Amino acid sequence: DPARVRPFAADPDANTVADMLGDLPLALHVAGAYIAHYRLTPAQYLAELRGHSSALEHESLQDWLKDELPTEHIPNVTATFEVSYSKLLPHSHTPALPFRLFHFLAHCAPAAPLPREALMRAVVEKEKEKEGEKELTDALRALADVGLVTLDSELRPITHRLLQEFALLRAPTPDADAERMEEVVGSMAAMINKGGLPKAMEPLALHLQTLAERAEARESESAGLLFNQLGYHLKMIADYAAARAAL
């Protein structure tokens, strides 16, 4: 419906709204309908979204829209996610593992593949990592089968921003999950920095930054350590670039 799309196209604040909704088509559809119905500007809608701890708590993404969608999706973003979440159990030989992975992924960077090694370290003891590789693959495929993650060609998981928010609402121990990922990614970053190979940090850097920023928001002691590793990496990149320019 062009009338629903127009408010997003006409205002720069619409880009921020789209970012908060992760460009999810269903979320954008119901948000556009809400803006058009109440004659809001994107800035006004953005202020409403920011008034909640999670965008998923806003009424527009819940049961507000009563229209039947052409795609036959439920016009309730949270309920749509809940359907996928409830389908997880029958899809894995290790039922608890997909849930644990999904909850851990909520703390990493959205829309960016996370190295499998990070998840392996988070859930499997080091001496059991070899046999845990197949269990990890099974669990990630279970998440992908129900649409809670996507997997790239290397079977690395990519999570949507709103699904991260949903995971945080469902996780029994979100702070403990965050601390575990901070510990794992921080340790991996320290090893990479110590090895002096900045290119090896590329798949991890965005996740390191996201974890550091979120740790700072939680006033966690881990924030300083994570930012130190990120800063060391950025300095190494700058020194490397300067060295190349001098050649």
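The sections below set out a description of the structure shown in this document. This structure is a prediction, so every number in the text was calculated from the model and none was measured. (Residues numbered from 1 in each chain as written. Predicted model: local features only at pLDDT ≥ 70, side-chain atom pairs only at ≥ 80, totals over all residues. Heavy atoms only, no water.)

## Side note on the overall build of the chain
Stage number 1. Assigned secondary structure in the chain consists of twelve helices and two strands.
Stage number 2. The helix and strand sequence of the chain, counted from the amino end, reads α-α-α-α-α-α-α-α-β-β-α-α-α-α.
Stage number 3. Across the 247 residues of the chain, 45% fall into the buried class.
Stage number 4. Long-range contacts, defined here as pairs at least 24 residues apart, represent 66% of the contacts in the chain between residues at least 6 apart.
Stage number 5. In the structure as shown, the chain presents an accessible area of about 13400 Å², 55% of it carried by carbon and sulfur atoms. (Helix = DSSP H or I, 4+ residues; strand = E, 2+ residues; numbered from the N terminus. Buried < 20%, exposed > 50% of the residue type's maximum accessible area, 1.4 Å probe, protein only. Contact = heavy atoms within 4.5 Å. Areas by Shrake-Rupley, 256 points an atom, 1.4 Å probe, with all protein chains shown as cover.)

## Observations concerning the environment of Glu216
Stage number 1. Examined against the element boundaries, Glu216 turns out to sit in helix 11 (residues 202-217).
Stage number 2. Residues Glu216 and Phe227 lie eleven residues apart in sequence; the distance between their C-alpha atoms is 9.3 Å.
Stage number 3. Setting aside residues no more than four positions away along its own chain, Glu216 makes contact with Ala223 and Phe227.

## Looking at the pattern of salt bridges
Stage number 1. Using the criterion set out here, one finds nine salt bridges in the structure.
Stage number 2. Measuring nitrogen to oxygen at the nearest pair gives 3.8 Å for the salt bridge that ties Asp175 to Arg218. Remark: Arg218 occurs in the loop between helix 11 and helix 12 (222-246) and Asp175 occurs in helix 10 (residues 174-195); sequence separation between them is 43 residues.
Stage number 3. Residue Arg218 is classed as partly exposed on the basis of its relative accessible area of 32%.
Stage number 4. Between Glu182 and Arg218 there is a salt bridge; the shortest N-O distance is 2.5 Å. With Glu182 in helix 10 and Arg218 in the loop between helix 11 and helix 12, the pair connects residues that are 36 residues apart, well separated along the chain.
Stage number 5. Look at Glu182 and you get buried, because its relative accessible area is 3%.
Stage number 6. The structure contains a network of salt bridges with shared partners spanning Asp152, Glu154 and Arg156. (Salt bridge = Lys/Arg side-chain N within 4 Å of Asp/Glu carboxyl O.)

## Observations concerning helix 5 (residues 77-86)
Stage number 1. Among the residues of helix 5, Val77, Thr78, Thr80, Phe81, Ser84 and Tyr85 are the ones counted as buried. Take helix 5 and look down its axis: the buried residues cluster within an arc of 160°, on one side only.
Stage number 2. Where helix 5 is buried, its residues meet helix 3 (25-38), helix 6 (96-105) and helix 9 (161-170).
Stage number 3. For helix 5, the N-terminal cap is Asn76; the gap from its side-chain oxygen to the backbone nitrogen of Thr78 is 3.1 Å. (Arc of directions from axis to C-beta. Polar contact = N/O pair within 3.5 Å; in protein donor to acceptor, adjacent residues only side chain to side chain.)

## Things to note about the nonpolar core
Stage number 1. Counting 66 residues, the largest nonpolar core has Leu21, Tyr45, Leu61, Val77, Leu101 and Leu162 as the members making the most contacts within it.
Stage number 2. Take this core: its biggest share by element is seven residues, from helix 3.
Stage number 3. Not counting residues up to four positions away in its chain, the partners in contact with Leu101 are Leu119, Val123, Leu136, Ala139, Leu140 and Leu143. (Core = buried A, V, L, I, M, F, W, Y, C linked by side-chain atoms within 4.5 Å.)

## Quick notes on the packing of aromatic side chains
Given two aromatic rings, one states the distance between the centres and the angle between the planes to describe the pair.
Stage number 1. Applying the stated criterion across every chain yields a total of nine aromatic pairs.
Stage number 2. A ring pair is formed by Tyr85 and Phe99, whose centres lie 5.1 Å apart and whose planes are at 85°; its orientation type is edge-to-face. With a gap of 14 residues between them, Tyr85 in helix 5 and Phe99 in helix 6 connect regions that are remote in the sequence. The same class applies to Tyr85 as to Phe99, namely buried.
Stage number 3. Three or more aromatic residues joined by ring pairs form one cluster here, namely Phe81, Tyr85, Phe99, Phe102 and Phe166. (Phe/Tyr/Trp six-rings, centres within 6.5 Å; stacked < 30°, edge-to-face > 60°.)

## Digging into the packing of helix 10 against helix 11
Stage number 1. With their axes 10 Å apart at the nearest point, helix 10 and helix 11 run at an angle of 130° to one another. In terms of orientation, helix 10 and helix 11 fall into the oblique class. Between helix 10 and helix 11 lies a crossing of left-handed hand. Here helix 10 contributes Met181, Glu182, Val185, Met188, Ala189 and Ile192 to the contact with helix 11, which in turn contributes Leu204, Leu208, Leu211 and Ala215. (Axes fitted to C-alpha atoms, helices over the stretch in contact; angles between N-to-C directions. Parallel < 35°, antiparallel > 145°, perpendicular 65-115°, else oblique. Left-handed = near helix turned anticlockwise from the far one by under 90°.)

## Quick notes on the packing of helix 3 against helix 4 (residues 42-50)
Stage number 1. Closest axis-to-axis distance for the helix 3/helix 4 pair is 10 Å, and the angle between their directions is 115°. When the axes of helix 3 and helix 4 are compared, the crossing they make is right-handed. Of helix 4, the residues touching helix 3 (which contributes Ala31, Tyr34 and Ile35) are Pro42, Tyr45 and Glu48.
Stage number 2. Class assignment of the residues belonging to the contact of helix 3 with helix 4 gives a composition of five nonpolar, no polar and one charged. (Nonpolar A, V, L, I, M, F, W, Y, C, P; charged D, E, K, R; others polar.)

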